[in-house]
Amino acid sequence: MQQVGDDAFAGTGTDVGWLAVRDGRDLTLVDTGWPGDVEALEAGLATIGHHPRDVRAVLLTHAHVDHLGGVNHLHHTYGVPVLMHPDEVPLARGERREQAGPVDVLVRAWRPRVAAWSARIMRVGALSHPHVDHAEAWAAPTALDLPGGPVPVPCPGHTSGHTAYLFGGAGVVATGDALVTAHPVTRRHGPQRLPDFFSHAPEEARTSLSVLAGLDADTVVPGHGPVWRGSLADAVAQAQLA
């Protein structure tokens, strides 16, 4: 895993990323990758001297399979809880879906980038729909009593309850899919929004970017793409133009 701030580490799975922030021997983990990324996730924690048992909670940016893929394993094997925005709980439990489906991808599969990406994610569980029956909501978007003192920053649009997480002490924000820096289906690099077909409410997703602009952080750990360093206001401005 890549150190991105004081006691903050970014990891990557199959074209998707996560963030671990520690306080002593305790960790907060933001997102977990695809179901097939569990081994990479555990191996990444080991590289920074940790075990999944050190994770006090997983904070979910949103309930898409490429971000929640490891939470059932972590919960059932190590007892790790998973917390998220209240509006995201029904999605995690499988009561409704707000996710691009196979047809959305299939109609674009003639593009070489989309075809190659589709082949990779199929191998790690893209067609699975894990239900997270133990999903819990955090009580309010205020600092959580977890390692690193994460503050939820709701930024809906990609999904109804999509949330970024600010770790102010480390100067790091995990932006999930609200703000990314690359994606295999596009040629763009740098801060950007995902293509509209990935989002439940694309215009709301665009509007929600402004919420991120004023955050006191200089490091973005996105759900997709490399870590980005600089002004959040500049990152949002670039994404709004993309």
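Refer to the structure printed above.
Chemist: Quick rundown of the packing of helix α7 (residues 202-213) against helix α8 (residues 232-241)? Include the residues and the values.
Modeler: Following both chains from N to C, one finds α7 and α8 inclined at 165°, their axes separated by 8 Å at the closest point. As judged from the angle between their axes, α7 and α8 are roughly antiparallel. Between α7 and α8 lies a crossing whose hand is left-handed. Facing α7, whose interface residues are Arg206, Leu209, Ser210, Leu212 and Ala213, α8 presents Leu232, Ala233, Val236, Ala239 and Gln240. Along the lines of polarity and charge, the residues of the contact of α7 with α8 split into 7 nonpolar, 2 polar and 1 charged.

Chemist: Account for helix α1 (residues 38-47), naming residues and giving values.
Modeler: A turn of α-helix holds 3.6 residues, and therefore any two residues three or four places apart point the same way. Here α1 has its buried residues at Val38, Leu41, Gly44 and Leu45. Projected down its long axis, α1 shows its buried positions confined to an angular sector of 125°, all on one face. Every exposed residue of α1 that faces more than 90 degrees away from the buried side is listed here: Glu39 and Thr47. Of the residues one or two after α1, Gly49 is the one with positive phi, at around 80°.

Chemist: Go over the sheet that holds strand β1 (residues 2-5) with me, naming the residues and quoting the values.
Modeler: With respect to topology, 7 strands assemble into an open sheet ordered β1-β2-β3-β4-β5-β6-β7, the strand pairing being mixed. Both outer strands of the open sheet, β1 and β7 (136-137), are each paired with one neighbouring strand and no more. Two strands pair when backbone bridges link them, and strand β3 (residues 17-23) and strand β4 (residues 26-30) are joined in this way by 5 bridges, in the antiparallel orientation. Looking across to β4, one finds that Asp23 is bridged to Asp26. In this fold α1 packs onto β3, β4 and β5 (55-59), with an angle of close to 35° to the strand it touches most, β3.

Chemist: Could you give an account of α8, naming the residues involved and the relevant values?
Modeler: Within the sequence span of α8, burial applies to Leu232, Ala235, Val236 and Ala239. Here the buried residues of α8 occupy an arc of 95° about the axis, which is enough to place them on one side. N-capping of α8 is provided by Ser231, with a side-chain oxygen placed 3.1 Å from the backbone N of Ala233.

Chemist: Requested: an account of the side chain of Thr159, with residues and values cited.
Modeler: Positionally, Thr159 belongs in the loop between β8 (151-154) and β9 (163-167). Relative accessible area serves as the criterion here: at 0%, Thr159 is assigned to the buried category.

Chemist: A description of the packing of aromatic side chains should follow, citing residues and the corresponding values.
Modeler: Under the criterion given, the structure shown has 2 aromatic pairs. Counting every residue linked through ring pairs, the aromatic cluster contains Trp117, Phe197 and Phe198.

Chemist: Run through the layout of surface pockets, naming residues and quoting values.
Modeler: Over the atoms a probe the size of a water molecule is rolled, and this reveals where empty space is left. Space inside the second largest pocket adds up to approximately 230 Å³. Along the walls of the second largest pocket sit 18 residues, with Thr12, Val16, His224, Gly225 and Pro226 positioned nearest its centre. Residue assignment for the lining of the second largest pocket shows that the elements contributing at least two residues are β2 (8-12), β3 and β11 (219-222). For the lining of the second largest pocket, the leading source of residues is β2, giving 3 residues. In terms of residue class, the lining of the second largest pocket is made up of 9 nonpolar, 8 polar and 1 charged.

Each value, and the rule that gives it
Residues numbered from 1 in each chain as written. Predicted model: local features only at pLDDT ≥ 70, side-chain atom pairs only at ≥ 80, totals over all residues. Heavy atoms only, no water. Axes fitted to C-alpha atoms, helices over the stretch in contact; angles between N-to-C directions. Helix = DSSP H or I, 4+ residues; strand = E, 2+ residues; numbered from the N terminus. Parallel < 35°, antiparallel > 145°, perpendicular 65-115°, else oblique. Left-handed = near helix turned anticlockwise from the far one by under 90°. Contact = heavy atoms within 4.5 Å. Nonpolar A, V, L, I, M, F, W, Y, C, P; charged D, E, K, R; others polar. Buried < 20%, exposed > 50% of the residue type's maximum accessible area, 1.4 Å probe, protein only. Arc of directions from axis to C-beta. Pairing = 2+ DSSP bridges. Polar contact = N/O pair within 3.5 Å; in protein donor to acceptor, adjacent residues only side chain to side chain. Phe/Tyr/Trp six-rings, centres within 6.5 Å; stacked < 30°, edge-to-face > 60°. 1 Å grid on protein atoms, 1.4 Å probe; cavity = no way out; pocket = protein on both sides within 12 Å on 5 of 7 lines; lining within 4 Å. Points joined across faces, edges and corners; volume = space filled by probe spheres on them.

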